[in-house]
Amino acid sequence: MNNNTFNWKKFQFITEVQTAVINNATNLTFDNDDTKNIRHIFSATGTLSIMDDAFYAAERIPSDLTAHEAACDFCGYMLENLKEDNSDVPYWFARN
């Protein structure tokens, strides 16, 4: 595939992840009276880091996953407050 060709799956994944990151940050600020302890989750640098990982992941979505399934995998692991204890990074976006 030509790198200049629009890829709907990547676009949908990035849009869904970005929207989830923004909404998650908003929810965290409303649900927590002591935001100082969780500020790293929704800080500018934290968000930039998550989005950098999202663009990396967008290049590696397996063909058998929809963009939505991939976004759920990604956010479920990358968003600290949604991550289950002792969960492993999904194989398809783990960095070597």
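Above: the structure in question.
An account of the accompanying structure is given in this report. (Residues numbered from 1 in each chain as written. Predicted model: local features only at pLDDT ≥ 70, side-chain atom pairs only at ≥ 80, totals over all residues. Heavy atoms only, no water.)

1. Points about the overall build of the chain
Condition: Helix numbers and strand numbers start at the N terminus; a helix is a DSSP run of H or I with at least 4 residues, a strand a run of E with at least 2. Buried means the residue's accessible area, taken with a 1.4 Å probe over protein chains only, is under 20% of the maximum for its type, while exposed means over 50%, and partly exposed covers the values in between. Only heavy atoms enter the contact rule, under which two residues are in contact if any of them lie within 4.5 Å. Here the positive residues are Lys and Arg and the negative ones are Asp and Glu; neither His nor the chain ends is included. Throughout, a charge is located at the NZ atom of Lys, the CZ atom of Arg, the CG atom of Asp or the CD atom of Glu.
The helix and strand tally for the chain stands at four helices and zero strands. Referenced to the eigenvectors of the C-alpha coordinate spread, the extents of the chain come out at roughly 50 × 30 × 20 Å. Considering the chain as a whole, with its 96 residues, one finds that 33% of them fall into the buried category. When contacts within the chain are restricted to residue pairs at least 6 apart in sequence, long-range pairs at least 24 apart make up 64% of them. The chain carries 7 positive and 14 negative side-chain charges, and their two centres are separated by 8 Å.

2. A look at the packing of aromatic side chains
Rule in force here: The aromatic pairing rule takes the rings of Phe, Tyr and Trp, using the six-membered ring of Trp, and pairs them if the centres are within 6.5 Å, calling planes under 30 degrees apart stacked, those over 60 edge-to-face and the rest tilted.
Under the counting rule described, the total for this entry stands at eight aromatic pairs. When the centroid spacing of 6.0 Å and the interplanar angle of 50 degrees are considered together, the rings of phenylalanine 6 and tryptophan 8 count as tilted. Taken individually, phenylalanine 6 and tryptophan 8 each receive the classification exposed, so the pair is uniform in this respect. Arranged with centres 4.9 Å apart and planes meeting at 75 degrees, the rings of tryptophan 92 and phenylalanine 93 form a pair that is edge-to-face. Classification of tryptophan 92 as buried rests on a relative accessible area of 6%.

3. Some details on the nonpolar core
Note the following rule: Each nonpolar core is a collection of buried residues, namely Ala, Val, Leu, Ile, Met, Phe, Trp, Tyr and Cys, held together in the definition by side-chain atoms within 4.5 Å.
By size, the foremost hydrophobic cluster in this structure holds 19 residues, and its most contacted members are Phe13, Val17, Ala54, Phe74 and Trp92. At the level of elements, α1 (8-31), α3 (44-58) and α4 (67-78) are the ones that each hand at least two residues to this core. Those residues in contact with phenylalanine 13, other than ones at most four positions away along the chain, are Ala54, Ala57, Ala58, Ile61, Ala67, Ala70, Ala71, Phe74 and Trp92. Counting residues in hydrophobic clusters, the runner-up holds five residues, among them Leu28, Ile38, Ile41 and Phe42.

4. Considering unusual backbone geometry
In this structure, asparagine 86 is a non-glycine residue whose phi angle is positive, near 60 degrees. On the secondary structure map, asparagine 86 appears in the segment after α4. Note on asparagine 86: relative accessible area 78%, which makes it exposed.

5. So, the pattern of salt bridges
For clarity, the threshold we go by: The term salt bridge refers to a pairing of a side-chain nitrogen on Lys or Arg with a carboxyl oxygen on Asp or Glu at a separation within 4 Å.
Under the criterion given, the structure shown has three salt bridges. For aspartate 52, the salt bridge identified is with arginine 95, shortest N-O distance 3.6 Å. Of this pair, aspartate 52 sits in helix α3 while arginine 95 sits in the segment after α4, and the two are 43 residues apart along the sequence. What makes arginine 95 partly exposed here is its relative accessible area of 45%. Overlapping salt bridges bring together Asp52, Asp53 and Arg95 as one network.

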